Every structure is written in structure tokens, then in C-alpha cells.
Amino acid sequence: MTAVVPIRAASTVIPSAIEAEQALIAHARTIWERRLGATDSPIESMLLAALCECAVDHGYRVAKTAGRSDTLGIRPQTTVDRYRIDLVVSFLFHGAELHLAIECDGHAFHEKTKAQARKDRSRERALTYLGYRVVRFTGSEIYTSPRQCAAEVMNLVMEFQTATIIEAARAS
């Protein structure tokens, strides 16, 4: 005689894709924050972990500074001039430099008032003047799909790399 084992509903056994991604990122978060530095919020931690994992998946090394053409420098909570940036991503490639200022905008603070929106725009102009390209993600974007946000950042890195190669070929 065969024993009958009740089958539980799949939703109680198998986590949703978002839950699985968040669990994976929570584990990676501890690893990357120990290596690169602490973040100030859960959404920053999620993006840091997703960005580091995405960079490694694309064949890049990750370090605090970008010293080689295969290394992304990623630093959480970095002060540039008088501004504190959530994540700074630096990439050096054949003498050209890319500096990204990644801002994780939680709804509780950013865009809450017109004064805060003005301050954010002024800050963005100042960082652009200092040579940074500012990339903003909402907390909802990061929470829903941190890997998609990380993929957007990696696309900017790879576009920069391609543009640098094209420019070097034209100069030759």
C-alpha cells in the first residue's frame, strides 16, 4: 500500500521571483558591504549588491577604486565636494574616465516638497559640473527589480567602453 502525501499549494513552497531575488541580494549584501563599505538604507544595500553581482556576471572585477580596465570602482556613501552620494561608480578605460553618481531616491525624502526638488536639481547640476553623470532610481524601482536597475548602470559602463574604443580608433 502506498502512502498518500498531501501536496501543499505551490505558492507556500516556492517563493515568488521577486522574493527569491530579494533573498539572494540580502545574502550578497553582507558580502559586498563588508568589502566596499556600508550603505545608509535598505534600497541602497539592494542596489549595491545587485550592481556588484551584475558587474561580476559581465566579467568585471569590483573594488573600492578602479585601477584597471577590467575593474569597476564602487563606493557607497562617498563625499564629492560637499555632496554625499549614495553610490559612486568609477571606471577607467584606455585613459578615459567614467564617474557615475548613483542616487537612490526613497519616497519619504526626495521629491516630497518643491524646496527638496530644487535642492536635488541644484545638487545634480553641481555634480555634473564636477564630471559626474547622475543616475537616479526611485525606491520602488530598486525594490521591485534591483537587477534591472543594476543592468541599466552596467549598460552605461559598456556604452562608455564602446565609445572610448570608437574614439581611439578614429584618432589612429
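Residues numbered from 1 in each chain as written. Predicted model: local features only at pLDDT ≥ 70, side-chain atom pairs only at ≥ 80, totals over all residues. Heavy atoms only, no water.

Caption draft 1: Representation of helix H6 (residues 146–171) within the structure. Taking 1.5 Å of rise per residue, the 26 residues of H6 would be expected to cover 38 Å, and the 38 Å separating its terminal C-alpha atoms lies within 8% of that figure. All of the buried residues along H6 are Pro146, Cys149, Ala150, Val153, Met154, Leu156, Val157, Phe160, Gln161 and Thr164. (Helix = DSSP H or I, 4+ residues; strand = E, 2+ residues; numbered from the N terminus. Expected span 1.5 Å × (residues − 1). Buried < 20%, exposed > 50% of the residue type's maximum accessible area, 1.4 Å probe, protein only.)

Caption draft 2: Focus on the pattern of salt bridges. Taken as a whole, this structure holds 6 salt bridges when the rule is applied. A salt bridge links Arg84 to Asp40, with the shortest nitrogen-to-oxygen separation between them at 3.8 Å. Note that Arg84 is positioned in strand E3 (residues 83–93) and Asp40 in the loop between helix H2 (17–36) and helix H3 (42–57), a separation of 44 residues in sequence. In this structure Asp40 comes out as exposed when scored by relative accessible area, which is 54%. Among the ionic pairs, Arg68 bridges to Asp70, the shortest N-O distance being 3.1 Å. The class for Arg68 is partly exposed, based on a relative accessible area of 43%. (Salt bridge = Lys/Arg side-chain N within 4 Å of Asp/Glu carboxyl O.)

Caption draft 3: Just the environment of Arg82, in detail. Along the chain, Arg82 turns up in the loop between strand E2 (71–80) and E3. Polar side-chain contacts of Arg82 include one of 2.8 Å to the side chain of Tyr83. (Polar contact = N/O pair within 3.5 Å; in protein donor to acceptor, adjacent residues only side chain to side chain.)

Caption draft 4: Inspection of the packing of aromatic side chains at higher detail. Enumeration over the complete set of coordinates arrives at 3 aromatic pairs. Ring geometry for Tyr60 and Phe91: centres 5.7 Å apart, planes at 80°, overall edge-to-face. One end of the pair, Tyr60, is in the loop between H3 and strand E1 (61–63); the other, Phe91, is in strand E3, with 31 residues separating them in the sequence. Overall, the relative accessible area of 9% leaves Tyr60 in the buried class. Judged by centre distance (5.8 Å) and plane angle (15°), the ring pair of Phe91 and Phe93 falls under stacked. Judged by its relative accessible area of 0%, Phe91 is buried. Accessibility expressed as a relative area gives 7% for Phe93, which makes it buried. Taken together, the ring pairs connect Tyr60, Phe91, Phe93 and Phe160 into an aromatic cluster. (Phe/Tyr/Trp six-rings, centres within 6.5 Å; stacked < 30°, edge-to-face > 60°.)

Taken by themselves, the reported measurements are silent on function.
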